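Descriptive analysis of the structure
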Amino acid sequence: MLRQSVAGLGEALAALGRYGADATEVRRSDALGAVVPWADNHHWIDAAAVPVGTAAPPTGEHLPHCLWTSSGPPPGRREEPDVAMPAMALDLTVTGTEADRNEAGAVGTAELGEIGALNDLAYQQQALGPLLAAIPPGAGHGHGIRDHSGRLVSAAVALDVGSDTSVQWVVTHPDHRRRGLSAQLLQVLLAQARERGQRTATLQSSPAGFSLYQRLGFRTVGTLRAYVT
Ligand SMILES: CC(C)(COP(=O)(O)OP(=O)(O)OC[C@H]1O[C@@H](n2cnc3c(N)ncnc32)[C@H](O)[C@@H]1OP(=O)(O)O)[C@@H](O)C(=O)NCCC(=O)NCCS
């Protein structure tokens, strides 16, 4: 399932490049992602994933700042070891109990642009809001939990890539963390992916999310390392 996890990351990045303003999709056999010149030091925006089993592209071509790969180092780039990410996967064909967990309908839909804006707030940046807002409705499933005033406080996007659902841009507002919001939201996201007939779910974990994802049943299937120019 490492292959699916890496493909999911690549498709998520490629969507930023395909629809984002002043951004370009990178879609080639050895790299899938985006060139975003105005975010050219950002490892998760101006970035591409190298498909599993593929040799990384050589330097000197129109490629993003960061290449993510689970195999050997791309030539001419240096590793950023501190940001390496576990690739994680979950078999959705094993019956889960998630469908019962949308207590009082707390988990609803959210637009991708507002999910991007919440990520920007969490990471103290301004980049994902406009990039995700440009992705057309229907290209991804946005899930969210709101406070009593309707403000989005926890969110994630499910991107279906073949029979895999790639879980991306998972975030909870800093004032609302450690209350189980992400756990509840992801259980509903996974239940809905299963209902759509998806067979696996994959993601790439930050340190903050790792034990949460493990508790939901995700297992580490490899490591994605970042190589930058
Ligand atoms: C990672 C992140 C999304 C988690 O969101 P969250 O809503 O706080 O998640 P949860 O509350 O479901 O779980 C987080 C922790 O709180 C704990 N928790 C949940 N309810 C709790 C409660 N009532 N009391 C105390 N702790 C609680 C969970 O057990 C979990 O602990 P662990 O990390 O030690 O396993 C959030 O920290 C975040 O936005 N981080 C920055 C962005 C990021 O890293 N996103 C993930 C990208 S892959």
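Predicted, not measured: the structure shown is a model, and the values here were computed from it.

Considering the overall build of the protein chain
- Within the protein chain, the regular secondary structure consists of five helices and 12 strands.
- Here the C-alpha coordinates of the protein chain stretch approximately 55 × 35 × 30 Å along the principal axes.
- The buried share of the protein chain, reckoned over its 229 residues, is 52%.
- For the protein chain, long-range pairs separated by at least 24 residues make up 63% of all intrachain contacts whose partners lie at least 6 apart in sequence.

Some thoughts on helix α1 (residues 2–19)
- Taking 1.5 Å per residue as the helical rise, α1 with its 18 residues ought to reach 26 Å, and the 26 Å between its terminal C-alpha atoms agrees with that figure.
- All of the buried residues along α1 are Leu2, Ser5, Val6, Gly8, Leu9, Gly10, Ala12, Leu13, Ala14, Ala15, Leu16 and Gly17.

Some points on the nonpolar core
- Residues Leu9, Leu16, Ile45, Trp68, Ile115, Leu132 and Trp169 are the most contacted members of the largest nonpolar core, which totals 37 residues.
- Each of domain 1 (2–86) and domain 2 (89–221) accounts for three or more of the residues forming this core.
- Listed in part, the 24 residues of the second largest apolar core include Val153, Leu181, Leu185 and Ala193.

Observations concerning the pairing of strand β1 (residues 24–28)
- Where β1 meets strand β2 (residues 31–35), five bridges bridge the pair, whose relative direction is antiparallel. Note on β2: the bridge partner recorded for arginine 28 is alanine 31.
- Taken together, β1 and the strand that follows it, β2, pair antiparallel across an intervening segment of two residues.

Overview of the side chain of threonine 200
- On the secondary structure map, threonine 200 appears in strand β11 (residues 200–204).
- Note on threonine 200: relative accessible area 10%, which makes it buried.
- One polar contact links threonine 200 to aspartate 164, side chain to side chain, over a distance of 2.6 Å.
- Filtering out sequence-adjacent residues up to four positions away, threonine 200 remains in contact with Met1, Gln4, Leu90, Leu92, Ser163, Asp164 and Thr165.

Description of the site of the ligand
- What surrounds the ligand is a group of 19 residues, the closest being Thr172, Arg178, Gly180, Ser206 and Ser211.
- At 2.9 Å from a nitrogen atom of the ligand is found a main-chain nitrogen or oxygen belonging to valine 170.
- A total of 940 Å² of accessible area belongs to the ligand in isolation, and the protein chains cover 72% of it.
- Of all elements in the fold, only β10 (164–172), α4 (181–195) and α5 (210–215) reach the threshold of two or more residues within the shell around the ligand.
- For the shell around the ligand, the element with the highest residue contribution is α5, accounting for four residues.
- Classifying every residue of the shell around the ligand by side-chain character gives eight nonpolar, seven polar and four charged.

As for unusual backbone geometry
- Here glutamine 124, not a glycine, exhibits a phi torsion of approximately 55 degrees, which is positive.
- Topologically, glutamine 124 is positioned in the loop between α2 (112–123) and α3 (128–133).
- Unusually for a residue other than glycine, arginine 178 sits at a positive phi of about 60 degrees.
- Its place among the elements puts arginine 178 in the loop between β10 and α4.

So, α2
- For α2, which comprises 12 residues, the first-to-last C-alpha distance of 16 Å matches the rise-based estimate of 16 Å (1.5 Å per residue) to within 8%.
- Considered for burial, the residues of α2 that qualify are Leu112, Gly113, Ile115, Gly116, Leu118, Asn119 and Asp120.
- Buried residues in α2 make contact with α3, β8 (141–146), β9 (152–161) and β10.
- The positive-phi residue at the C-terminal boundary of α2 is glutamine 124, with phi of around 55 degrees.

What about the domain arrangement of the protein chain?
- Taken domain by domain, the protein chain comprises domain 1 (2–86) and domain 2 (89–221).
- When each unit is reduced to the centre of its C-alpha atoms, the spacing between domain 1 and domain 2 is 22 Å.
- In this complex, domain 1 contributes 16 residues to the contact, which on the side of domain 2 involves 23 residues.
- The largest per-residue losses of area from domain 1 upon contact with domain 2 belong to Leu16, Tyr19 and Pro86, which jointly make up 31% of the total buried on that side.
- Along the contact surface separating domain 1 from domain 2 lie zero salt bridges.
- Our count for the domain 1 to domain 2 interface comes out at four residue pairs in polar contact (both at pLDDT 80 or more).
- Going through the elements one at a time, α1 and β6 (85–91) are the ones with two or more residues in the side of domain 1 that touches domain 2.
- Here the element with the most residues in the side of domain 1 that touches domain 2 is α1; it accounts for 10 residues.

Rules of the game
Residues numbered from 1 in each chain as written. Predicted model: local features only at pLDDT ≥ 70, side-chain atom pairs only at ≥ 80, totals over all residues. Heavy atoms only, no water. Helix = DSSP H or I, 4+ residues; strand = E, 2+ residues; numbered from the N terminus. Buried < 20%, exposed > 50% of the residue type's maximum accessible area, 1.4 Å probe, protein only. Contact = heavy atoms within 4.5 Å. Expected span 1.5 Å × (residues − 1). Core = buried A, V, L, I, M, F, W, Y, C linked by side-chain atoms within 4.5 Å. Domains from an automatic or database assignment. Pairing = 2+ DSSP bridges. Polar contact = N/O pair within 3.5 Å; in protein donor to acceptor, adjacent residues only side chain to side chain. Near = heavy atom within 4 Å. Areas by Shrake-Rupley, 256 points an atom, 1.4 Å probe, with all protein chains shown as cover. Nonpolar A, V, L, I, M, F, W, Y, C, P; charged D, E, K, R; others polar. Buried area = accessible area lost by both parts, 1.4 Å probe. Salt bridge = Lys/Arg side-chain N within 4 Å of Asp/Glu carboxyl O.

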